[in-house]
Amino acid sequence: MGKDVIVACDFSSAKATFDFLDLFHKEERKPFVKIGMELYYAEGPSIVREIKKRGHKIFLDLKLHDIPNTVKKAMAVLSSLDVDMTNLHAAGTGKMMEAALEGLTKEDGTRPLLIAVTQLTSTSEERMQNELLISASINDTIVKYAENANAAGLDGVVCSPLEAGMVKKACGKDFITVTPGVRFADGDVGDQARVTTPKKAKEIGSDYIVVGRPITQATDPVAAYRRCCNEFID
Ligand code: C5P
């Protein structure tokens, strides 16, 4: 499994997305692109097909969470879009995750990578315990959700780079960790609380880093992307 930098294309329109991706037309390495809810809900499945046609790998980050039958059918639709990676909430439990895998698997047996969100990084331990009545620690909850995802046959989890080590320890080194919350050592942290540099994420053992604003808002996005790749992959 190859390490890669996934660029979070958090734009609100196809035009803004293509203006950004056009900057990379001379690059040998085409960025792996994350399409989130904002762009997908604004533009629909055509945005996935267009970006795919340009030769990019795609992580469709829609974080499904519903009853197993609904998630299975929705995953079958996403699979037909030929994305490379997609995700769901582990909170839907093992039955939902197994149904998702079934829906995602094509007739020839192939399927995109399926990654589970454990606890969102925006959820504090205090809120998880007080509002969701989960009395375990947030770290134990994350590890348990990762173990559930692993048992259901999923490929990995989205987590903070700082959690990647404990997830690998519990689920094995081949269980994929996809980690947002990445910043350059000399860059703005913005609204992310627990951040690491691409270099540190590599040392910790992340398989894919998800990087948005440090690339999309950079004065020179191509240079920022190259810098990420140099630190994380090369
Ligand atoms: O701009 P920035 O690098 O902070 O973007 C990070 C991307 O990763 C965003 O698309 C954000 O929604 C996503 N993400 C995250 N934390 C999570 C899950 C997803 O930052 N726990």
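Scroll up to find the structure.
Residues numbered from 1 in each chain as written. Predicted model: local features only at pLDDT ≥ 70, side-chain atom pairs only at ≥ 80, totals over all residues. Heavy atoms only, no water.

S.K.: Can you lay out the site of the ligand for me, pointing to particular residues and giving the numbers?
M.R.: Neighbouring the ligand are Ala 8, Asp 10, Lys 34, Thr 121, Pro 180, Arg 183, Gln 192, Val 210, Val 211, Gly 212, Arg 213 and Pro 214. Asp 10 places a polar side-chain atom, nitrogen or oxygen, 2.7 Å from an oxygen atom of the ligand. At 2.8 Å, a backbone N or O of Gly 212 approaches an oxygen atom of the ligand. Protein coverage of the free-state accessible area of the ligand, which is 470 Å², stands at 82%. Split by residue class, the shell around the ligand holds five nonpolar, three polar and four charged. (Near = heavy atom within 4 Å. Polar contact = N/O pair within 3.5 Å; in protein donor to acceptor, adjacent residues only side chain to side chain. Areas by Shrake-Rupley, 256 points an atom, 1.4 Å probe, with all protein chains shown as cover. Nonpolar A, V, L, I, M, F, W, Y, C, P; charged D, E, K, R; others polar.)

S.K.: Can you lay out the packing of helix α4 (residues 68-80) against helix α5 (residues 93-104) for me, pointing to particular residues and giving the numbers?
M.R.: α5 packs onto α4 with a crossing angle of 30° between their chain directions and a minimal axis gap of 7 Å. Relative to α5, α4 is oriented roughly parallel. Note on packing geometry: the crossing formed by α4 with α5 is right-handed. Mapping the contact onto sequence places Pro 68, Val 71, Lys 72, Met 75, Ala 76 and Ser 79 in α4 and Lys 95, Met 96, Ala 99, Ala 100, Glu 102, Gly 103 and Leu 104 in α5. In the contact of α4 with α5, the residues fall into eight nonpolar, two polar and three charged. (Axes fitted to C-alpha atoms, helices over the stretch in contact; angles between N-to-C directions. Helix = DSSP H or I, 4+ residues; strand = E, 2+ residues; numbered from the N terminus. Parallel < 35°, antiparallel > 145°, perpendicular 65-115°, else oblique. Left-handed = near helix turned anticlockwise from the far one by under 90°. Contact = heavy atoms within 4.5 Å.)

S.K.: Which residues make up helix α11 (residues 221-232), and what are the values?
M.R.: A rise of 1.5 Å per residue sets the reference length of α11, with its twelve residues, at 16 Å; its end C-alpha atoms lie 16 Å apart and thus fit the reference within 8%. Residues Pro 221, Val 222, Ala 224, Tyr 225, Cys 228, Cys 229, Glu 231 and Phe 232 constitute the buried set of α11. Check the buried side of α11 and you find it contacts β1 (4-8), α1 (14-22), α9 (198-204), β8 (208-211) and α10 (213-216). (Expected span 1.5 Å × (residues − 1). Buried < 20%, exposed > 50% of the residue type's maximum accessible area, 1.4 Å probe, protein only.)

S.K.: Outline the pairing of strand β4 (residues 85-89), listing residues and values.
M.R.: Note on strand geometry: in a regular strand, side chains alternate between the two faces of the sheet. The element β4 is largely enclosed, with a buried count of five among its five residues. Covered by surrounding structure in β4 are Met 85, Asn 87 and His 89 together with Thr 86 and Leu 88, the residues of both alternating faces. Pairing of strand β3 (residues 58-64) with β4 involves three bridges; the strand directions are parallel. Across the sheet, residue Leu 60 finds its bridge partner in β4, namely Thr 86. Read from β3 through α4 to β4, the crossover connection turns out right-handed. Direction of pairing for β4 relative to strand β5 (residues 113-117): parallel, over a ladder of five bridges. Residue pairing across strands places Met 85 opposite Leu 113, the latter belonging to β5. Handedness of the crossover joining β4 and β5 through α5: right-handed. (Pairing = 2+ DSSP bridges. Right-handed = clockwise from strand over helix to strand, strands pointing away.)

S.K.: Kindly report on the packing of helix α7 (residues 138-151) against helix α8 (residues 161-171), identifying the contributing residues and their values.
M.R.: Running from N to C, α7 and α8 cross one another at 45°; their axes reach a closest spacing of 10 Å. Classified by the interaxial angle, the pair formed by α7 and α8 is oblique. Crossing geometry of α7 relative to α8 is assigned as right-handed. Residues Asn 139, Ile 142, Val 143, Ala 146, Glu 147 and Asn 150 of α7 touch α8, and the partners they reach there are Glu 163, Met 166, Val 167, Ala 170 and Cys 171. Considered class by class, the residues forming the contact of α7 with α8 number seven nonpolar, two polar and two charged.

S.K.: For the sheet that holds strand β6 (residues 156-158), give the residues involved together with the corresponding values.
M.R.: Adjacent strands of a sheet pair through backbone hydrogen bonds, lying either parallel or antiparallel. Spatially, eight strands are ordered β1-β2-β3-β4-β5-β6-β7-β8 in a closed barrel, and the strand pairing comes out parallel. Each neighbouring strand pair of the sheet contributes to a mean axis angle of 25°, computed without reference to strand direction. Of the strand pairs in this sheet, β1 and strand β2 (residues 32-35) are connected by three bridges, and their pairing is parallel. Its bridge partner being in β2, Ala 8 is matched across the sheet by Lys 34. Its contacts with the sheet place α4 against β3, β4 and β5, and it is angled at close to 165° to β3.

S.K.: Kindly report on the pattern of salt bridges, identifying the contributing residues and their values.
M.R.: Inspection of every chain in the model, using the stated rule, returns 17 salt bridges. Across the salt bridge formed by Glu 203 and Lys 199, the nearest N and O atoms sit 3.5 Å from each other. Taken as a pair, Glu 203 and Lys 199 lie in helix α9 at a separation of four residues, close to a single helical turn. The structure contains a network of salt bridges with shared partners spanning Lys 34, Asp 61 and Lys 63. (Salt bridge = Lys/Arg side-chain N within 4 Å of Asp/Glu carboxyl O.)

S.K.: Just give me the short version of the pairing of β3, but keep the residues and values in it.
M.R.: Counting buried positions along β3 yields six of seven residues, so the element is predominantly enclosed. Here three bridges tie β2 to β3, and the two strands are oriented parallel to one another. Counterpart to Val 33 in the pairing with β3 is Ile 58.

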